[in-house]
Amino acid sequence: MSSPIPPPNSAPRLFQPAQAAGRRPALGLALTLTPIAFVLVLLFGGAMLLAVLQSLGFAPWFGVNTFPSLTYFKALWASQFFWISVGLTLYYATASTMIALVLAIPLALALTKAFPGRGLYDYIYKLPLMIPYLVGIALAVLMLGNGGILSRLAAYVGLIDDPGQFPAILKTHYGWGIITVYVWKQTPFMTLAIYAVLLGVDRNTEEAAAVLGASPRAIFFRVTLPQILPGIVSSSLICFAFNMGAFEAPLILGGGFPDTLPVIAWRYFNDADYTLQLQGMAAVVSMGIISGVLLFAYLAAYRRYEMMIGRV
Amino acid sequence: MRRPRLTDRLSPFQRFYLLAMAAFILGPFLPLIIQSLAFRWAWPDLLPSEWWLEQRERSIGPLAWDYVFSPYSRVLEATVNTVIIGAAATILCLAICLPAARVLARERFRGKSAVEFFLSLPLILPEAAIGITLLMVFIGLGLAGSYAGIIIAHLIPTIPYMVRTLTAVYQGLGTEFEEQAMVLGASRLQVFLRVTLPMLMPGVVAGALFTFLVSTNIFLLTFLLGQGRIITLPTLLFSKVSGGTIDASAAGITVIATLPGIVLLLLTERFIRQKAFDGY
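Along each chain, residue indices are assigned from 1 in the same order as the chain's sequence is written. As they are written, the chains are lettered A onward and the ligands numbered 1 onward, keeping that order. It should be noted that, the model being predicted, local features are given only for residues of pLDDT at least 70 and side-chain atom pairs only at 80 or more, the latter also being counted only at that level, while totals for whole chains, interfaces and linings use all residues. In computing side-chain properties, one takes all heavy atoms of the structure into account and sets aside hydrogens as well as water.

A. Main features of the overall build of chain B. Secondary structure follows DSSP: runs of H or I at least 4 residues long count as helices, runs of E at least 2 residues long count as strands, and numbering of each begins at the N terminus. Helix and strand content of chain B: 13 helices and 3 strands. Only C-alpha atoms enter the radius of gyration, while the globule expectation follows 2.2 Å times N to the 0.38, with N the number of residues. Rg of the C-alpha trace for chain B: 24 Å, well past the compact-globule value of 19 Å for 280 residues, more than 25% over. Taken along the three principal axes of its C-alpha coordinates, chain B extends 75 × 65 × 35 Å. The cut-offs for exposure are 20% and 50% of the maximum accessible area for each residue type, with area from a 1.4 Å probe on protein chains only; residues under the lower value are buried, those over the upper are exposed, and the others partly exposed. The buried share of chain B, reckoned over its 280 residues, is 56%. The contact criterion used is simple: two residues touch if any of their non-hydrogen atoms lie within 4.5 Å. Considering only residue pairs separated by 6 or more positions, chain B has 71% of its internal contacts joining residues 24 or more positions apart. When the accessible surface of chain B is totalled, it reaches about 12800 Å², and 68% of it is carbon and sulfur. The protein chains shown are the only cover counted for residues, whose accessible areas, like all others here, come from Shrake-Rupley with a 1.4 Å probe.

B. Focus on the environment of Tyr91 of chain A. Residues and elements named next belong to chain A. Note on placement: Tyr91 falls in helix α3 (residues 80-111). The spatial distance from the C-alpha of Tyr91 to the C-alpha of Thr260 is 9.9 Å, given a sequence separation of 169 residues. Those residues within four positions of Tyr91 in sequence are excluded, and the remaining contacts are His173, Tyr174, Trp176 and Ile179. Pairs of N or O atoms are called polar contacts if they sit within 3.5 Å, as long as, within protein, a hydrogen donor faces a hydrogen acceptor (for residues adjacent in sequence, only side-chain-to-side-chain pairs). There is a polar contact of 2.7 Å between the side chain of Tyr91 and the backbone oxygen of Tyr174.

C. Up close: the layout of surface pockets. Reported here for the largest pocket is a volume of approximately 1200 Å³. Residue lining of the largest pocket: 39 residues in total, with Leu299 of chain A together with Phe117, Ser120, Leu121 and Ile124 of chain B positioned closest to the centre. Elements with a minimum of two residues in the lining of the largest pocket: α1 (26-55), α9 (216-245) and α12 (276-308) of chain A together with α5 (75-106), α6 (112-124), α7 (127-141) and α8 (147-173) of chain B. Sorting elements by how many residues they give to the lining of the largest pocket places α12 of chain A first, with 12 residues. Each residue gets one label: Ala, Val, Leu, Ile, Met, Phe, Trp, Tyr, Cys and Pro are nonpolar, Asp, Glu, Lys and Arg are charged, and the others, such as Gly, are polar. Residues that form the lining of the largest pocket fall into these classes: 28 nonpolar, 7 polar and 4 charged. An automatic or database domain assignment supplies the start and end points of every domain. Here the lining of the largest pocket spans two domains, since at least three of its residues come from each of domain 1 (1-55) and domain 2 (69-308) of chain A. The method works on a 1 Å grid over the protein atoms by themselves. A cavity is a set of points holding a 1.4 Å probe that cannot get out, a pocket is an open set with protein on both sides within 12 Å along at least five of seven lines, and residues with an atom within 4 Å of a point line them. Grid points are joined across faces, edges and corners, and a volume is the space filled by probe spheres set on the points.

D. View of the interface of chain B and chain A. Listed per partner, the contact involves 105 residues of chain B and 110 residues of chain A. Two parts placed together each lose some accessible area under a 1.4 Å probe, and the buried area is that loss summed for both. When chain B packs against chain A, close to 9800 Å² is buried across both sides, 74% of that on carbon and sulfur atoms. Each reported salt bridge corresponds to a side-chain nitrogen of Lys or Arg within 4 Å of a carboxyl oxygen of Asp or Glu. Across the chain B-chain A interface, the total number found is 0 salt bridges. Put simply, chain B and chain A have 11 residue pairs in polar contact (both at pLDDT 80 or more) between them.

E. Region of the structure containing empty space enclosed by the protein. All chains considered together, the criterion is met by 4 cavities of 30 Å³ or more. In this structure, the largest cavity is lined by 27 residues; those nearest its centre are Tyr133, Ile238 and Phe242 of chain A together with Tyr161 and Val214 of chain B. Counting residues per element, the ones that place at least two in the lining of the largest cavity are α7 (176-200) and α9 of chain A together with α6, α7, α8, α10 (188-217) and α11 (220-226) of chain B. The residue makeup of the lining of the largest cavity, split by class, is 22 nonpolar, 2 polar and 3 charged.

F. Layout of the packing of aromatic side chains. Residues and elements named next belong to chain A. Ring pairs shown here join Phe, Tyr and Trp side chains whose ring centres sit within 6.5 Å, with only the six-membered ring taken for Trp; geometry is labelled stacked below 30 degrees between planes, edge-to-face above 60, and tilted in between. The full count for this structure, using the stated rule, is 19 aromatic pairs over all chains. Here the aromatic rings of Tyr133 and Tyr182 are separated by 6.3 Å at their centres, their planes lie at 80°, and the arrangement is edge-to-face. Linking Tyr133 in helix α5 (residues 133-144) with Tyr182 in helix α7, this pair joins segments that are 49 residues apart in sequence. The exposure class of Tyr133 is buried, given its relative accessible area of 13%. Its relative accessible area of 1% is what places Tyr182 among the buried residues.

G. How the structure looks around a nonpolar patch on the surface. Residues forming no salt bridge and having over 30% relative accessible area are the ones grouped into patches, like charges within 9 Å of each other and nonpolar side chains (Val, Leu, Ile, Met, Phe, Trp, Tyr) within 5 Å. On the surface, Leu150, Leu153, Tyr156, Val157 and Leu159 of chain A together with Leu46 and Leu47 of chain B cluster together into a nonpolar patch covering about 720 Å² of accessible area. Note that Leu150 of chain A resides in helix α6 (residues 149-156).

H. Representation of the confidence of the model for chain A. Residue and element names in this part refer to chain A. pLDDT gives the predictor's per-residue confidence on a scale running from 0 to 100. Mean pLDDT for chain A: 83, with 91% of residues reaching 70 or above. Mean pLDDT across the secondary structure elements of chain A bottoms out at strand β1 (residues 3-4), with 40, and peaks at α3, with 93. Here residues 1-23 is a poorly scored stretch, pLDDT under 50, and it has 40 contacts once near neighbours within four places are set aside; other chains count.

I. Representation of the pattern of salt bridges. Counted according to the given criterion, the structure contains 5 salt bridges over all chains. Asp122 of chain A is the salt-bridge partner of Arg118 of chain A, the closest N and O atoms lying 3.0 Å from each other. Here Asp122 of chain A and Arg118 of chain A lie together in helix α4 (residues 118-130), a separation of 4 residues that amounts to about one turn. Neither Arg118 of chain A nor Asp122 of chain A differs from the other in exposure class; each is buried. Several salt bridges share partner residues, and in doing so they unite Arg102, Arg106 and Glu178 of chain B into one network.

J. Looking closely at the side chain of Ser236 of chain A. Residue and element names in this part refer to chain A. Mapped onto the elements, Ser236 comes out in helix α9. Polar side-chain contacts of Ser236 include one of 2.7 Å to the backbone oxygen of Ile232. Contact partners of Ser236, with chain neighbours within four places excluded, come to Thr97, Met190 and Tyr298.

K. Just unusual backbone geometry, in detail. Residues and elements named next belong to chain B. For Arg74, which is not a glycine, the phi torsion comes out positive at approximately 60°. Secondary-structure assignment places Arg74 in the loop between α4 (64-69) and α5. Non-glycine residue Gln227 carries a positive phi angle of around 55°. In this fold, Gln227 is placed in the loop between α11 and α12 (233-241). With relative accessibility at 38%, the residue Gln227 sits in the partly exposed group.

Next up, the structure:
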């Protein structure tokens, strides 16, 4: 059932040992994949399945078993605050992904040029990638809080004379603090992904376009952007998915009730009333569904585009 | 890799932009370090009116860095836990992913696309959803609040990266050298240890560093599954930051939590340069 794939650029083989190139018996194959399957399918997949079952009313260990019923979803979805939460979660995830993308593209393009300090700059721009989100949150509190550095600078130049006059950036539902942390942390990730794609594409096409009289604007939108699109799509997909499920930034920097979906799910799950755990599971599953549907639609749109321009 | 081109120099805008981004990324660390060294830093002063060192002689109780370095802050415990969990997760992840990557890179089999789909799921599903559902299962299995539980949980977000890195390396490898070793009478173990592993080393190092990095940065899974019993640098930081204010000791712990990332950054840049992150 397994057949060897010829490795690229390999010379024709005179001798083919059974083990090396894929005539392995099915049992050996299954054994090789067992550990990874154990973690991903049994543990991770099992947990996901259990979450879906529980959200549908299956929790015999609590003495609750109304499976299958949509009671918990209905209770959750009937609340207008749930939909505000969905809106907030989507808003934070989308806004920060888009801002990070807009910042990352020019950065990746600039990094393809030679300049003094290029090696040092590699260290600088990758730093946020390496450290926990909570460091970013701490920095946001220091910089953007009412008593923070920006507020002090505003006082220094005479714009305000009391910390209370500084506009609230943190702990509002506009979420500028949350978005700033995500952008700070994820711009390097996107830059890296786009830069990696840029290294692989033929940049001479840009020059060709310039020689043929295209404006810099046209070159960017007609030549460069389509070339780096795979990097844009993959990195924004991962960042958006992460932002949908991020917990600590909305909890600490968010505006409180109504919270984002992950925070809601966590609050339900930690509630003293354990039957609310089922409600929490419904929130978790809703979050997975919303995130999954959006990512799927995004990927499908991208595939269609790739097909349209004839790259796939 | 780089060809000299007409447009190979920075435009004035790009020069400004690079500086602005560097300021955006590094700028906030300056007040962080100042805050960790401050004793009194009232609004609207741009610099502290009294510094830690000035007060150190006069104070009875530990201040800022004294606190950070004292056992009360639990910084050492958290650092040790972070490293142990990261190292264990990295070794386990490698052990699991090496055979899987080999199969995925070289063989075609029924259900391969299903395996690949499962491999991308942890990247796509929200971390909170993964954490809460795993917690439910781990409570049932008695793994909640244990090192084993946290290490297993850390495998889930790291496996996709590790498999991708190793699969890419395996695909570029070809099988000729292994075949020649076998023809010359090497055993399978010898082939793996003497031929395959050395050739895989760049990928193994890259994957291991990245896995360790991701593991040391994970907050939510550790927070949920550790049940408060096991603290790492991110969860310790959470307990200091969650109040929404940063005092001198919180700033000091934030600085400490940044250090592993800086060390890993130096290591990754040194050992693998750009290659490691290609494809992410």
